[in-house]
Amino acid sequence: MDRMDRLRIDKWLWAARFFKTRSLAADEIGKNRVQVNGDVAKASREVKAGDTVTMRLGAVTRVVLVRGVSG
């Protein structure tokens, strides 16, 4: 898989507009509220098309399938 087909999870969450800023995304990742394919993520974790991202936002848990990454 090409390097361009991957993106850091903090950048992806911000680019996909789940968080208003990249630092907010990184804060939630740091609080272990984000998982990639069932594993707790770190901000430097890369995601690619086909990965499953789970986010716990308050009482709501969102499960999202990554369909692509932006350049």
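Residues numbered from 1 in each chain as written. Predicted model: local features only at pLDDT ≥ 70, side-chain atom pairs only at ≥ 80, totals over all residues. Heavy atoms only, no water.

Quick look at the overall build of the chain
In terms of helices and strands, the chain carries two helices and six strands. Helices and strands appear in the chain in the N-to-C order β-α-α-β-β-β-β-β. Against the compact-globule benchmark of 11 Å for 71 residues, the chain has a radius of gyration of 11 Å, which places it among compact chains. When its C-alpha atoms are laid out on the principal axes, the chain stretches across 35 × 20 × 20 Å. (Helix = DSSP H or I, 4+ residues; strand = E, 2+ residues; numbered from the N terminus. Rg over C-alpha atoms; globule rule 2.2 N^0.38 Å.)

Things to note about the sheet that holds strand β3 (residues 39–40)
Pairing is antiparallel in the open sheet, where four strands are placed in the order β3-β2-β5-β6. Each of the sheet's edge strands pairs with one partner strand only, and the pair in question is β3 and β6 (60–65). Across six bridges, strand β5 (residues 52–57) lies against β6 in antiparallel orientation. From the neighbouring strand, Thr54 faces β6, where its bridge partner is Val63. (Pairing = 2+ DSSP bridges.)

Observations regarding the packing of aromatic side chains
A full pass over the atoms with the stated rule returns one aromatic pair. With 5.8 Å between their ring centres and 35 degrees between their planes, Trp12 and Phe18 make a pair best called tilted. Using a relative accessible area of 22% as the deciding quantity, one classes Phe18 as partly exposed. Between the NZ or CZ atom of Arg17 and the centre of the ring of Trp14, over which it lies, the distance is 5.5 Å. (Phe/Tyr/Trp six-rings, centres within 6.5 Å; stacked < 30°, edge-to-face > 60°. Buried < 20%, exposed > 50% of the residue type's maximum accessible area, 1.4 Å probe, protein only. Lys NZ or Arg CZ within 6 Å of the ring centre and 35° of its normal.)

Let's talk about the pattern of salt bridges
Two side chains carrying opposite charge are able to pair once their charged atoms lie near each other. Within the structure shown, the criterion is met by four salt bridges. For the salt bridge of Arg33 with Glu28, the shortest nitrogen-to-oxygen distance reads 3.0 Å. Arg33 gets classed as partly exposed once you look at its relative accessible area, which sits at 30%. Using a relative accessible area of 13% as the deciding quantity, one classes Glu28 as buried. Across the pair Lys48 and Asp51 runs a salt bridge, and its minimum N-O distance is 3.1 Å. (Salt bridge = Lys/Arg side-chain N within 4 Å of Asp/Glu carboxyl O.)

With respect to the nonpolar core
By size, the foremost hydrophobic cluster in this structure holds 15 residues, and its most contacted members are Ile9, Trp12, Leu13, Val34, Val53 and Met55. Among the elements that take part in this core, helix α1 (residues 9–15) stands out by supplying three residues, more than any other. (Core = buried A, V, L, I, M, F, W, Y, C linked by side-chain atoms within 4.5 Å.)

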